[in-house]
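Spelled out from the first residue to the last, the chains are:
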Amino acid sequence: MIKMLRADFIRLRKSFAFRLSLIVMLALTSAFMFIQATAMDYTVPLSRVIFLPMSMYGLAMSAFVSAFIGTDFSDGFIRNKLLTASCRSHYAISQIIVCFTGCAIVYTVVTAFAAGVGQFFFENDVKITDFIRFFALGFAMSIVTGCLFSVITLICGNKTHAIVLCMGLAFIMLVLAMHTNSILVQTEYKDGALNPKYVDGFRRGLNSILHDINPCGQASQLSSWEVWHPIRMILLDVPLICGLSALGCLLFSKKDIK
Amino acid sequence: MDYVLQTDGLKKNYKSVPALDGLTMHVPKGSIYGFVGKNGAGKTTLLRLICGLQNPSGGSFNLYGISNDSKDIVNARRRMGAVVETPAIYTNMTAAENLKQQYLILGLPSCDDIPELLKLVGLENTGKKKVKNFSLGMKQRLGIAIALAGNPDFLVLDEPVNGLDPQGIVEMREMILKLNREKQITVLISSHILDELSRLATHYGIIDRGRMVKELSAEELNAACRKCVRMEVSNTSILARVLDNMNTEYKVISETIADVFARVNVTQLTVALANDNCEVLSMQERDESLESYFISLVGGGK
């Protein structure tokens, strides 16, 4: 598996999809920063800007991961890899590791770019400890994102189908995150009266878990610099990463490759 | 005889449709085994199974004597190279980069012999040209170069001359023969271009509807497809007596038809037959090709 990882990391370095997704995310970050710096009539705090591009992260990563792994299927190189692999799982794990590493690299570069450049244009209200805490949560989110789209592509086994499926899912996750966020941000009282849109009890708990388990929901919490349940978020991420990887290996090992 | 690959009642079903239906075949070591069959006969399915891309639904196969159920089958597969269907190459990389990927996957210590491998397949001058700009023939040759990385002793090629121009076909044939003769690589070629296959193969396996119809060596095929004169006479027993007197090899097909396997003096023969009151009704030169032999076995147009 180490041999396959080495080969795939070299491929990642040269991957057009990887470079393009990084460039798109950097361009989006610049655009978001430009809008925040010019459109508001007050000085925007840096904390509101650092993770703002993460709202589009899921879509960009879905395209990158599905194109990267999908190329193995469309170009047929997977046949060479499976011919030499000790077992199918080694191939699947290798692809998952390389993809979540790619996602984590894009996340790190984009966050560092936003934090670095943002210092010159926005009011710096960011404490280093808070930044490290949020960065770590975002890092876990990026790994979950990479895992999720890798597993879908491995099971799908067709580049075009995988791109459509992953981007479609990323879009649904984004809409779902907007929906759960709109529910969770409601306060119990509004203008001195009970807020009819406020939900509590089981429905609030369910929406809260859905928001924490959804990588786009996690990204939306980071972008608003307000993470409600950081420990739960991490505790959900770990089984999600392990579960998705195990499911990917299991289903891929039974798959007929053409 | 040593066999590189043996299958025993191998089955593969796609849902309820059988692609392989109890296929039994034997690929002798050092041979060029021509795997012949119509489209959809199950050729590519077999190659996918032995390459580990799919699992059999029933039956078994041995690679270098190692059963497909054994864990060691992985090591046996590392001794083979394969081009199944289309060449397995990254189109956005150069030829050398593709080979480097394969070398890394195989864990080969050095990439020093990549130029030599590229030269072997005639791609030494491709430089930084991306594979997506290669011709079909160049892609096929690169696919073979990748399959040859790691010095395999068993090469599996699926329709290697499909889509190649005449010069490409000749070059491909020469390369396969060179690999077989100089490096003693056993080659399994699946093809339905029978004329081309007959210039290469030392052994044949003819498959139809997922079953092996006939396995035979090139010598056996040549004997079956021997040039002859088919004679229709009024009485083949008289013809047999006359041919025996002339020391000529023949085979009686029916009471009125016989094949004569030698150049005969037609006048002398017809006079001898006329003297014994045997009429010659027709004479026809027959030269059965692999194609006609194949059609006679699997039936044409069905």
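Computed from a predicted model, the values in this text were never measured in an experiment.

Time to look at the overall build of chain B. Summing up its helical and strand segments, chain B has eleven helices and 14 strands in all. Since a compact globule built from 302 residues should have a radius of gyration of about 19 Å, the 24 Å found for chain B marks it as more spread out than a globular shape. Its C-alpha atoms put chain B at 80 × 45 × 35 Å along the principal axes. Expressed as a percentage of the 302 residues in chain B, the buried residues total 49%. Nonlocal contacts in chain B, meaning residues at least 24 apart in sequence, comprise 68% of its contacts between residues at least 6 apart. Summing over all exposed atoms, chain B offers an accessible surface of approximately 14600 Å²; the carbon and sulfur share of this is 45%. Separation between the mean location of the 35 positive side-chain charges and that of the 35 negative ones in chain B comes to 8 Å.

Residues and elements named next belong to chain B. Spatial strand order, β6-β7-β8-β3-β9-β10: six strands in an open sheet with mixed pairing. The open sheet terminates on both sides in strands that have one partner only, identified here as β6 (80-83) and β10 (211-217). Taken over all neighbouring pairs, the strand axes of this sheet differ in orientation by 15° on average, direction set aside. By the bridge criterion, five bridges tie strand β3 (residues 32-37) to strand β9 (residues 203-208) in an arrangement that is parallel. The partner of Gly37 across the bridge, within β9, is Ile207. With respect to the sheet, helix α11 (residues 290-298) is in contact with β3, β9 and β10, its orientation differing from that of β9 by roughly 40°.

Side chains carrying opposite charge are able to pair once their charged atoms draw close together. Residue and element names in this part refer to chain A. Across all of its chains, the model carries 17 salt bridges over all chains by this definition. Linking Arg133 and Asp130 is a salt bridge whose minimum nitrogen-to-oxygen distance equals 3.6 Å. Within this pair, Arg133 and its partner Asp130 are both found in helix α6 (residues 128-156), separated by three residues, close to a single helical turn. With a shortest N-O distance of 2.9 Å, Arg232 and Asp212 are connected by a salt bridge. Residue Arg232 is located in helix α10 (residues 230-253), and its partner Asp212 is located in helix α8 (residues 202-213); the two are separated by 20 residues in the primary sequence. One continuous salt-bridge network, built from bridges that share partners, spans Asp8, Arg11, Asp72 and Lys81.

This part covers the side chain of Ser21 of chain A. All names here are of chain A. Tracing the backbone shows Ser21 in helix α2 (residues 16-39). In this structure the side chain of Ser21 is engaged in a polar contact, spanning 2.8 Å, whose partner is the backbone oxygen of Phe18. Ignoring any residue separated from it by four or fewer positions in sequence, one finds Ser21 in contact with Ala60, Met61, Phe64 and Val106.

All right, on to the sheet that holds strand β2 (residues 17-28) of chain B then. Residues and elements named next belong to chain B. Read across the open sheet, the four strands follow the order β2-β1-β4-β5; overall the sheet is antiparallel. Every other strand in the sheet has two partners, leaving β2 and β5 (66-67) as the edge strands with one partner each. Relative to strand β4 (residues 58-63), strand β1 (residues 3-14) runs antiparallel, the two being bridged by five bridges. Opposite Asp8, over in β4, you have Ser60 as the bridge partner.

Turning our attention to a nonpolar patch on the surface. On the surface, a nonpolar cluster with roughly 520 Å² of combined accessible area is contributed by Leu176, Phe202, Leu206, Ile209, Leu210 and Ile213 of chain A. Ranked by residues supplied to the nonpolar patch, first place goes to α8 of chain A with five residues.

Under the defined criterion, the tally for this structure stands at three cavities of 30 Å³ or more. Approximately 90 Å³ is the volume found for the largest cavity. The wall of the largest cavity is formed by 14 residues, among which Leu83 of chain A together with Met80, Gly81, Gln102 and Ala147 of chain B lie closest to the centre. If you list the elements that add at least two residues to the lining of the largest cavity, you get α4 (77-84) of chain A together with β6, α3 (95-106) and α5 (136-148) of chain B.

Moving on, we come to the nonpolar core. Residues and elements named next belong to chain B. Counting 98 residues, the largest nonpolar core has Phe154 and Leu188 as the members making the most contacts within it. Sequence-distant contacts of Phe154, defined by excluding residues within four places in its chain, comprise Val4, Leu5, Val27, Leu63, Tyr64, Arg79, Met80, Gly81, Ile185, Thr186 and Leu188. Within the second largest apolar cluster, 56 residues are counted, among which are Tyr90, Met93, Ile114 and Leu200.

Moving on, we get to the packing of helix α3 (residues 57-74) of chain A against α6 of chain A. All names here are of chain A. At a closest axis distance of 9 Å, the pairing of α3 and α6 adopts a crossing angle of 40°. With respect to α6, the axis of α3 lies oblique. Seen from above, α3 lies across α6 with right-handed handedness. Contacts between α3 and α6 involve Tyr57, Gly58, Met61, Ser62, Val65, Ser66, Ile69, Gly70 and Phe73 on the former and, on the latter, Met141, Ser142, Thr145, Gly146, Phe149, Ser150, Thr153 and Leu154. A breakdown of the residues in the contact of α3 with α6 according to their chemical character gives eight nonpolar, nine polar and no charged.

Now for the interface of chain B and chain A. Contacts between chain B and chain A engage 32 residues on the former and 25 residues on the latter. Approximately 2600 Å² of surface area, both sides summed, lies buried where chain B meets chain A, with 54% of it carried by carbon and sulfur atoms. A per-residue breakdown of the area chain B buries against chain A is headed by Leu53, Tyr90 and Ile105 of chain B, which together make up 28% of the total. In this structure, the connection of chain B to chain A is made through two salt bridges. Residue Lys12 of chain B pairs with Asp256 of chain A through a salt bridge whose shortest N-O separation is 3.1 Å. Our enumeration of links across chain B and chain A arrives at 16 residue pairs in polar contact (both at pLDDT 80 or more). Of all elements in the fold, only β1, α2 (73-77), β6 and α3 of chain B reach the threshold of two or more residues within the side of chain B that touches chain A. Among the elements that line the side of chain B that touches chain A, the one with the most residues is α3 of chain B, at seven residues.

Attention shifts here to the domain arrangement of chain B. Looking at chain B, the domain boundaries give domain 1 (3-223) and domain 2 (226-286). On a C-alpha basis, the centroid separation for the pair domain 1 of chain B and domain 2 of chain B is 46 Å.

Attention now moves to the pairing of strand β8 (residues 186-191) of chain B. All names here are of chain B. When you tally the buried positions in β8, you get six out of six residues, the bulk of the element. Side-chain alternation along β8 places Thr186, Leu188 and Ser190 on one buried face and Val187, Ile189 and Ser191 on a second face that is also buried. Taken together, the five bridges between β3 and β8 define a ladder with parallel strand orientation. Looking at β8, one finds that Gly34 is bridged to Ile189. Of the strand pairs in this sheet, strand β7 (residues 154-158) and β8 are connected by five bridges, and their pairing is parallel. Across the sheet, the residue bridging to Leu157 is Ile189, located in β8.

What counts and how
Residues numbered from 1 in each chain as written. Chains lettered and ligands numbered in written order. Predicted model: local features only at pLDDT ≥ 70, side-chain atom pairs only at ≥ 80, totals over all residues. Heavy atoms only, no water. Helix = DSSP H or I, 4+ residues; strand = E, 2+ residues; numbered from the N terminus. Rg over C-alpha atoms; globule rule 2.2 N^0.38 Å. Buried < 20%, exposed > 50% of the residue type's maximum accessible area, 1.4 Å probe, protein only. Contact = heavy atoms within 4.5 Å. Areas by Shrake-Rupley, 256 points an atom, 1.4 Å probe, with all protein chains shown as cover. Lys, Arg positive; Asp, Glu negative; His and termini not counted. Charge placed at Lys NZ, Arg CZ, Asp CG, Glu CD. Pairing = 2+ DSSP bridges. Axes fitted to C-alpha atoms, helices over the stretch in contact; angles between N-to-C directions. Salt bridge = Lys/Arg side-chain N within 4 Å of Asp/Glu carboxyl O. Polar contact = N/O pair within 3.5 Å; in protein donor to acceptor, adjacent residues only side chain to side chain. Patch = residues over 30% accessible without salt bridge, like charges linked within 9 Å, V, L, I, M, F, W, Y side chains within 5 Å. 1 Å grid on protein atoms, 1.4 Å probe; cavity = no way out; pocket = protein on both sides within 12 Å on 5 of 7 lines; lining within 4 Å. Points joined across faces, edges and corners; volume = space filled by probe spheres on them. Core = buried A, V, L, I, M, F, W, Y, C linked by side-chain atoms within 4.5 Å. Parallel < 35°, antiparallel > 145°, perpendicular 65-115°, else oblique. Left-handed = near helix turned anticlockwise from the far one by under 90°. Nonpolar A, V, L, I, M, F, W, Y, C, P; charged D, E, K, R; others polar. Buried area = accessible area lost by both parts, 1.4 Å probe. Domains from an automatic or database assignment.

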